[in-house]
Amino acid sequence: MSNFSPKQSVETLLTVANGYSGASAIAAQVLLSAWNSNDFMVPVAELALLDGDNYQHALNVITLRYQGKEPQNVIAHGDKKFRTLCVEWSHLETQRKGAA
């Protein structure tokens, strides 16, 4: 178990997602999937790209959603930050079969 707060986990993964590392995409996918799982999904195998602490942050975000809480609501200006993240990572959006 980690001692990270949900706020700390969301903010940390936002920092990783907005960076330029091999873990940026999976950090974005965790956040965006917790925010809007209709359009974004987490490729579970890619969680291995996260280091130990960031993996715990990812689990915290997933747990937050399991508890019925939305990640954008635990940070300041969350709606704006998540909309911006969505635009930045729109290429990760799930493509549905039969979509027009």
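Cut-offs and rules
Residues numbered from 1 in each chain as written. Predicted model: local features only at pLDDT ≥ 70, side-chain atom pairs only at ≥ 80, totals over all residues. Heavy atoms only, no water. Helix = DSSP H or I, 4+ residues; strand = E, 2+ residues; numbered from the N terminus. Buried < 20%, exposed > 50% of the residue type's maximum accessible area, 1.4 Å probe, protein only. Areas by Shrake-Rupley, 256 points an atom, 1.4 Å probe, with all protein chains shown as cover. Lys, Arg positive; Asp, Glu negative; His and termini not counted. Charge placed at Lys NZ, Arg CZ, Asp CG, Glu CD. Axes fitted to C-alpha atoms, helices over the stretch in contact; angles between N-to-C directions. Parallel < 35°, antiparallel > 145°, perpendicular 65-115°, else oblique. Contact = heavy atoms within 4.5 Å. Nonpolar A, V, L, I, M, F, W, Y, C, P; charged D, E, K, R; others polar. Phe/Tyr/Trp six-rings, centres within 6.5 Å; stacked < 30°, edge-to-face > 60°. Salt bridge = Lys/Arg side-chain N within 4 Å of Asp/Glu carboxyl O. Left-handed = near helix turned anticlockwise from the far one by under 90°.

1. Some details on the overall build of the protein
Part 1 of the reasoning: Along the protein, the regular secondary structure elements total four helices and zero strands.
Part 2 of the reasoning: The C-alpha extent of the protein, read off along each of the three principal axes, is 45 × 25 × 25 Å.
Part 3 of the reasoning: By the burial criterion, 36% of the 100 residues in the protein qualify as buried.
Part 4 of the reasoning: Per element, the accessible surface of the protein, about 6200 Å² overall, is 52% carbon and sulfur.
Part 5 of the reasoning: Distance between charge centroids for the protein: 7 Å, based on 8 positive and 9 negative side chains.

2. A look at the packing of helix α2 (residues 24-35) against helix α3 (residues 52-66)
Angle between the axes and distance between the axes: these two values describe a pair of packed helices.
Part 1 of the reasoning: Relative orientation of the contacting elements α2 and α3 amounts to 5 degrees, with a least axis distance of 10 Å. Looking at the two axes, α2 sits roughly parallel to α3. In contact with V30, L31, A34 and W35 of α2, α3 contributes A58, V61 and R65.
Part 2 of the reasoning: Of the residues contributing to the contact of α2 with α3, the split by class is six nonpolar, no polar and one charged.

3. Focus: the environment of L92
Part 1 of the reasoning: The residue L92 is located in the segment after α4 (78-88) in this model.
Part 2 of the reasoning: C-alpha separation for the pair L92 and A28, spaced 64 residues apart in sequence, amounts to 9.0 Å.
Part 3 of the reasoning: With sequence-adjacent residues up to four places away left out, L92 is seen in contact with A25, Q29 and F40.

4. Regarding the packing of aromatic side chains
Geometry of an aromatic ring pair is reported as the spacing of the ring centres plus the angle between the planes.
Part 1 of the reasoning: The tally for this structure, following the rule as stated, stands at one aromatic pair.
Part 2 of the reasoning: Between W35 and F82, the ring centres sit 6.0 Å apart and the planes meet at 45 degrees, which makes this aromatic pair tilted. In this pair, W35 sits in helix α2 while F82 sits in helix α4, placing the two residues 47 residues apart along the sequence.

5. Overview of the pattern of salt bridges
Part 1 of the reasoning: For the structure on display, the rule yields one salt bridge.
Part 2 of the reasoning: Across the pair E70 and R65 runs a salt bridge whose closest N-O atoms are separated by 3.9 Å.
Part 3 of the reasoning: Residue R65 is classed as partly exposed on the basis of its relative accessible area of 34%.

6. Re the packing of α2 against α4
Part 1 of the reasoning: One can describe the packing of α2 onto α4 by two numbers: an axis separation of 10 Å at closest approach and a directional angle of 120 degrees. Classed by the angle they form, the pair α2 and α4 counts as oblique. The two elements α2 and α4 cross, and the hand of that crossing is left-handed. Contacts between α2 and α4 involve A28, L31, L32 and W35 from the first element and F82, R83, L85 and C86 from the second.
Part 2 of the reasoning: Considered class by class, the residues forming the contact of α2 with α4 number seven nonpolar, no polar and one charged.

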